[in-house]
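# Coordinates in review
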Number of protein chains: 2
Amino acid sequence: MAFKIGLLGLGTVGTGTAKILQDPTGRNPLLQTIDIHRVGVRSLDKPRSVKVPSEVMTTDLESIVTDPEIDIIVELLGGLEPARSLILNAISHGKHIVTANKAVIARYGAEIFTAAEEKGVYVLLEAAVGGGIPVIQPLKQSLGVNQIHSITGIVNGTTNYILTRMESEGGEFADILADAQKLGYAEADPTADVEGLDAADKIAILASLAFAGRIKLEDVHCEGIRQVSAADIAYAQNLGFVIKLLAVAKREARVATSEPESEMLQIRVHPTLVPQAHPLASIHGVYNAILVEGEPLGQVMFFGPGAGSGPTASAVVSDILNIAAVLKTAGETHHLHPLLSCVHQHYCSIAPISELVTRFYARIMTKDRPSVIGHLGISFGNHGVSLESVVQIGFQNELAEIVVVTHDVREGNFRKALAEIQALEAVDSIPSILRVL
Amino acid sequence: MAFKIGLLGLGTVGTGTAKILQDPTGRNPLLQTIDIHRVGVRSLDKPRSVKVPSEVMTTDLESIVTDPEIDIIVELLGGLEPARSLILNAISHGKHIVTANKAVIARYGAEIFTAAEEKGVYVLLEAAVGGGIPVIQPLKQSLGVNQIHSITGIVNGTTNYILTRMESEGGEFADILADAQKLGYAEADPTADVEGLDAADKIAILASLAFAGRIKLEDVHCEGIRQVSAADIAYAQNLGFVIKLLAVAKREARVATSEPESEMLQIRVHPTLVPQAHPLASIHGVYNAILVEGEPLGQVMFFGPGAGSGPTASAVVSDILNIAAVLKTAGETHHLHPLLSCVHQHYCSIAPISELVTRFYARIMTKDRPSVIGHLGISFGNHGVSLESVVQIGFQNELAEIVVVTHDVREGNFRKALAEIQALEAVDSIPSILRVL
């Protein structure tokens with residue numbers, strides 16, 4: 001039994017995928033049953049680092065997703081359209097889908113999985129989160145019997161690379177971003193990475209798997225790393241922390257509501273002070289890591305390359321093999337493998353960020369008056385914000401720089417206190433507000 | 001479709017497994033199709049922290065593995081016999097097997113998998129390595145398209161706990177072992193853990209999966225941590241290393257042989273100097289971690305609790321669900337899922353440890369003569385051992401303590417040099433010889 005795939009896109013990941021499929025020697029023997037039947041590209045003339053027979057290549061992507069001979073469509077185009085329409089069209093033609101497209105899945109997952117469920121086909125997406133790190137399949141299978149409490153991840157390599165360099169070199173964000181762009185670690189338009197949008201897509205996907213419900217992407221609170229300054233990184237270091245862009249999805253038992261057992265999730269992406277001894281603190285450069293906490297499991301962490309042609313292709317091809325293996329096992333029956341299919345239909349309830357309870361770090365610029373720390377303390381106290389430390393670090397342009405770390409506080413209260421502080425005559429500005437893990 | 005399991009053993013892991021199966025709420029819905037049909041124990045009178053109806057319990061384990069109603073036997077007895085015979089008997093009665101028994105699989109895997117292949121049943125063993133950490137299934141599936149170059153793991157929690165405490169407290173092995181036994185982190189008979197035998201079982205299993213061949217356990221070179229002293233840990237720290245008991249399986253291209261493409265593996269367990277910046281250096285206490293390197297993947301690491309009732313039970317139950325899911329998908333067909341079954345029959349060639357090329361650390365006690373470092377240097381040079389550093393650390397009982405770190409050297413040559421050095425009149429003893437990662 002052989003399986004024919006239609007490959008959409010022959011960019012970085014598509015090329016890596018074709019390379020693995022073309023040289024299956026010494027790898028899983030099941031690879032030899034996979035045949036690249038068609039490859040869809042935008043331009044036939046572009047030079048390629050992988051050899052594909054010209055009769056296999058086409059610019060007519062529609063003809064691939066409707067080709068009756070093809071079993072599995074491998075969507076590696078990226079972006080929202082035409083990826084979404086091609087995936088839906090492929091599903092309607094009974095094709096299984098393998099995709100690395102976190103943006104499409106995070107936004108149109110509901111539509112895509114509903115269609116797949118109706119047609120009885122698989123949609124696998126190991127490569128969409130964490131590049132080559134196996135995390136989607138372990139969440140579905142190996143960890144599937146756990147009640148997941150939280151997922152905390154460094155899931156964007158570009159921002160972790162920038163933060164790592166800011167930490168080791170003491171440089172400012174804009175300079176290191178510019179250098180990262182030159183070196184190819186950041187894109188010309190870095191918005192999706194540095195604003196945290198890419199990480200938000202990924203944590204929405206992970207949360208959906210971990211908590212078995214759909215996630216509306218607009219419910220994910222998202223802050224990027226543009227506001228993180230060299231000063232914050234240095235102060236964090238002194239306090240025993242490193243700053244990481246964390247993507248967090250967490251189950252929250254709500255004791256305060258009248259509804260019994262109402263359960264809310266927190267899902268958020270923001271720069272965070274991480275204690276230096278925490279496993280995520282030592283994840284450097286473009287590496288990704290995903291920490292899963294659950295019951296009865298405790299903590300497990302998956303670490304590896306979050307991007308790159310080879311690693312991401314490794315994940316893509318493992319999904320292809322998974323589908324091939326299951327199709328082989330199932331023979332002529334039409335039962336979907338229950339651990340590979342995705343059937344939850346309800347949407348998860350996501351708590352607004354104002355209800356988050358966390359510790360905060362804030363850097364406040366004040367006119368140097370003897371009483372200013374007293375005033376800050378009073379304003380925080382007015383809103384029930386209890387302080388762990390208040391340190392006047394030094395002076396900048398005749399302003400005093402004060403760093404505050406709070407105990408656990410409800411975010412809404414903290415924001416009200418900050419609004420009051422911002423209005424104080426002695427306060428110039430509050431350049432940084434970061435959460436503490 | 002429901003599945004009936006027969007549970008052999010109701011110790012720590014068996015109890016954890018029963019608890020997950022008895023309370024499937026909020027977990028994978030597939031759990032509700034699993035029914036604990038029989039439980040086999042040594043004594044019916046023992047008090048249990050999990051409630052099992054008395055009519056389900058029996059001391060007649062043979063009657064469970066031959067019960068025609070049972071689909072899956074879950075072997076959690078540990079030890080070699082009767083576990084091995086029960087597994088083989090269950091297979092001959094067409095039962096699928098889930099086991100956490102690394103000792104049986106490492107020794108009798110060939111016999112067990114051959115029997116399973118003949119009968120068309122699965123033998124899954126996620127819990128045998130790394131407790132709750134998903135590593136067996138990712139190796140078979142998510143990483144299955146990679147050519148694995150090496151697996152390097154901290155796979156024994158007891159020894160990592162002891163080494164971590166020796167490092168943080170500066171204590172000696174024997175004292176901390178005694179305390180670990182009191183606290184329940186080490187067994188009354190600690191041999192299997194501290195001599196590295198448990199780690200050897202586990203790396204043999206991982207190597208077999210990664211390199212798709214059978215491993216003879218006697219080919220695994222194994223050294224424990226008894227020889228590691230507080231002094232070694234302190235010197236290692238000064239040199240920028242921590243000492244870890246590593247289990248290593250590595251592919252080795254042999255350039256020197258006449259046979260074309262002959263491939264050998266190195267498989268070994270020994271205390272190792274690990275650079276402080278290496279991901280494995282920061283794995284503390286009873287945690288386990290497994291680092292996999294391959295092509296095109298690069299590096300991925302799996303980290304988590306290597307033992308314990310809940311985590312290990314999580315792995316056991318995930319195997320049960322995997323089998324249930326595949327049986328459901330396959331319906332009445334009798335195709336085995338190619339990524340879950342194990343069909344390789346040949347034995348891997350394992351290089352003798354004398355052919356290993358590695359860096360070494362050695363601690364040598366000498367009578368304090370001015371020329372002794374010169375004599376050491378000459379003896380090392382006689383056997384082609386190039387030295388990275390030679391440091392006279394201090395004095396102990398009128399003997400000088402000299403620490404040597406070599407460049408890469410063939411182990412056989414290094415041993416010959418040591419034998420020559422041991423025979424020098426100025427040399428008293430060589431209390432520690434450790435490899436460097």
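Coordinates for the structure precede this section.
These numbers come from a predicted model, not from an experiment.

## Focus on the relation of the copies chain A and chain B
Two copies of a chain can be linked by a rotation about an axis combined with a shift along that same axis. If you rotate chain A by 180° and push it 0.0 Å along the axis, it lands on chain B with an RMSD of 0.0 Å. Expressed as an axis order, the relation between the two copies is that of a two-fold axis. Among all residues of chain A, the one whose C-alpha sits closest to the rotation axis is Ala330(A), at a distance of 2.0 Å. When the interface residues of chain A are mapped onto chain B, 100% of them are again interface residues, pointing to one common binding face.

## Focus on the nonpolar core
Within the largest apolar cluster, 166 residues are counted, with the highest numbers of intra-cluster contacts made by Ile162(A) and Ile162(B). Considering every element that reaches this core, the biggest residue donor is helix α9 (residues 197–210) of chain B, with nine residues. The next biggest cluster of nonpolar side chains, apart from the first, holds 40 residues, and it includes Ile5(B), Ile72(B), Leu76(B) and Ala100(B).

## Here's the deal with the pattern of salt bridges
Under the criterion given, the structure shown has 32 salt bridges over all chains. Put simply, Arg38(A) and Asp67(A) hold a salt bridge, and the shortest N to O gap is 3.3 Å. You can see Arg38(A) sitting in strand β2 (residues 34–40) and its partner Asp67(A) sitting in the loop between α2 (61–65) and β4 (72–75), a full 29 residues away along the chain. Using a relative accessible area of 19% as the deciding quantity, one classes Arg38(A) as buried. Looking at Asp67(A), the relative accessible area reads 10%, which means it is buried. One salt bridge in this structure joins Asp232(B) and Arg363(B), with 2.7 Å as the shortest N-O distance.

## As for the state of the cysteines
All names here are of chain B. Scanning the model with the defined rule gives zero disulfides over all chains in all. In this model Cys222 remains outside any disulfide bridge; the closest cysteine sulfur is found in Cys348, 18 Å from its own. For Cys222, a relative accessible area of 28% puts it in the partly exposed group.

## Side note on the packing of helix α11 (residues 309–330) of chain A against helix α11 (residues 309–330) of chain B
The contact between α11(A) and α11(B) brings their axes to 8 Å, and the two run at 55°. Relative to α11(B), the element α11(A) is oriented oblique. Pair α11(A) / α11(B) crosses with right-handed handedness. On α11(B), the residues that touch Val326(A), Thr329(A) and Ala330(A) of α11(A) are Val326(B), Thr329(B) and Ala330(B). Residue composition of the contact of α11(A) with α11(B), by class: four nonpolar, two polar and no charged.

Here is what the cut-offs are and how they apply
- Residues numbered from 1 in each chain as written.
- Chains lettered and ligands numbered in written order.
- Predicted model: local features only at pLDDT ≥ 70, side-chain atom pairs only at ≥ 80, totals over all residues.
- Heavy atoms only, no water.
- Least-squares fit on C-alpha atoms with pLDDT ≥ 70 in both.
- Contact = heavy atoms within 4.5 Å.
- Core = buried A, V, L, I, M, F, W, Y, C linked by side-chain atoms within 4.5 Å.
- Buried < 20%, exposed > 50% of the residue type's maximum accessible area, 1.4 Å probe, protein only.
- Helix = DSSP H or I, 4+ residues; strand = E, 2+ residues; numbered from the N terminus.
- Salt bridge = Lys/Arg side-chain N within 4 Å of Asp/Glu carboxyl O.
- Disulfide = S-S within 2.5 Å.
- Axes fitted to C-alpha atoms, helices over the stretch in contact; angles between N-to-C directions.
- Parallel < 35°, antiparallel > 145°, perpendicular 65-115°, else oblique.
- Left-handed = near helix turned anticlockwise from the far one by under 90°.
- Nonpolar A, V, L, I, M, F, W, Y, C, P; charged D, E, K, R; others polar.

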